[in-house]
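Summary of the model geometry
Here is what each chain is made of, one letter per residue.
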Amino acid sequence: MSKNYVNPCKVITGVNTRWSYASVWEPKSINGGTPKYSVSLIIPKSDTKTVEKIRAAIKAAYEEGESKLKGNGRAVPALEAIKTPLRDGDLERPGDDAYKDMIGRASCRERGIVDADCQHILERSEVYSGVYGRASINFYAFNSNGNKGIACGLNNLQKIRDGEPLGGKPRAEDDFATADDDDFLA
């Protein structure tokens, strides 16, 4: 593979992508499967460049994986008829402002997390559901137990800035950021 090879199934999201359900420190198993790190990505609809890159990568993964998608069937199912990881949050989670944009889920067996200066993040409190950052993701076709579609693999994450935590629980650092001890025993 040459240095100039561009993988049409790989996308780096924009800096305003928000991370949700960030399971990035301990891999988790779903239904007894292989434990994986995972994150849901909330991509602003206004980031049309990233949304279009994702749509193009999904199409490239579909074309690359046609034989896998066909399996033992007579024909390859239409792209519109199979599962894809890009969803419209307004349709999937109506009324939830945090998810009003485009959403997708990515997972991996190994992951890397860096800050805006590309330095590895080791402090768990720095990465949580609600931060903003970029994600390096790749798309691929799957055909497993009758389920056919395009999945999203997570390569790496880059935290760009903090955001309001999602999930309703405030971070301990925010709760105790002030030295206001006056009411402690009052």
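Figured I'd write up the structure that's included with this text. None of these values were measured; they are calculated from a predicted model. (Residues numbered from 1 in each chain as written. Predicted model: local features only at pLDDT ≥ 70, side-chain atom pairs only at ≥ 80, totals over all residues. Heavy atoms only, no water.)

Focus on the overall build of the chain
- In terms of regular secondary structure, the chain is built from four helices and eight strands.
- Ordering the α and β elements of the chain from the N terminus gives β-β-β-α-α-β-α-β-β-β-β-α.
- Along the three orthogonal principal directions, the C-alpha set of the chain runs to about 75 × 40 × 35 Å.
- The 186 residues of the chain split such that 38% are buried.
- Across the chain, the fraction of contacts at a sequence separation of at least 24, relative to all contacts at a separation of at least 6, is 69%.
- Counting only carbon and sulfur atoms, one obtains 48% of the accessible surface of the chain, whose full area is about 11,700 Å².
- Charge separation in the chain, taken as the distance between the mean sites of 27 positive and 27 negative side-chain charges, equals 13 Å. (Helix = DSSP H or I, 4+ residues; strand = E, 2+ residues; numbered from the N terminus. Buried < 20%, exposed > 50% of the residue type's maximum accessible area, 1.4 Å probe, protein only. Contact = heavy atoms within 4.5 Å. Areas by Shrake-Rupley, 256 points an atom, 1.4 Å probe, with all protein chains shown as cover. Lys, Arg positive; Asp, Glu negative; His and termini not counted. Charge placed at Lys NZ, Arg CZ, Asp CG, Glu CD.)

Some points on the side chain of R18
- Tracing the backbone shows R18 in strand β2 (residues 17-28).
- One buried charged residue, R18, remains without a salt bridge, the closest side chain of opposite sign being E164 at 6.4 Å.
- Only 2.4 Å separates the side chain of R18 from the backbone oxygen of E164, close enough to count as a polar contact. (Salt bridge = Lys/Arg side-chain N within 4 Å of Asp/Glu carboxyl O. Polar contact = N/O pair within 3.5 Å; in protein donor to acceptor, adjacent residues only side chain to side chain.)

So, the pairing of β2
- As paired elements, β2 and strand β7 (residues 132-144) share two bridges and run antiparallel to each other. Paired with R18 across the two strands is Y132, which belongs to β7.
- Here β2 pairs with strand β3 (residues 36-43) via five bridges, running antiparallel. Across the sheet, residue W19 finds its bridge partner in β3, namely L41. (Pairing = 2+ DSSP bridges.)

Some details on the environment of A135
- Examined against the element boundaries, A135 turns out to sit in strand β7.
- Between the C-alpha atoms of A135 and N156, which are 21 residues apart in sequence, the distance is 5.9 Å.
- With residues near it in sequence (within four places) discarded, A135 still touches V11, I12, T13, L41, N156 and L157.

Shape descriptors only; they carry no functional weight alone.
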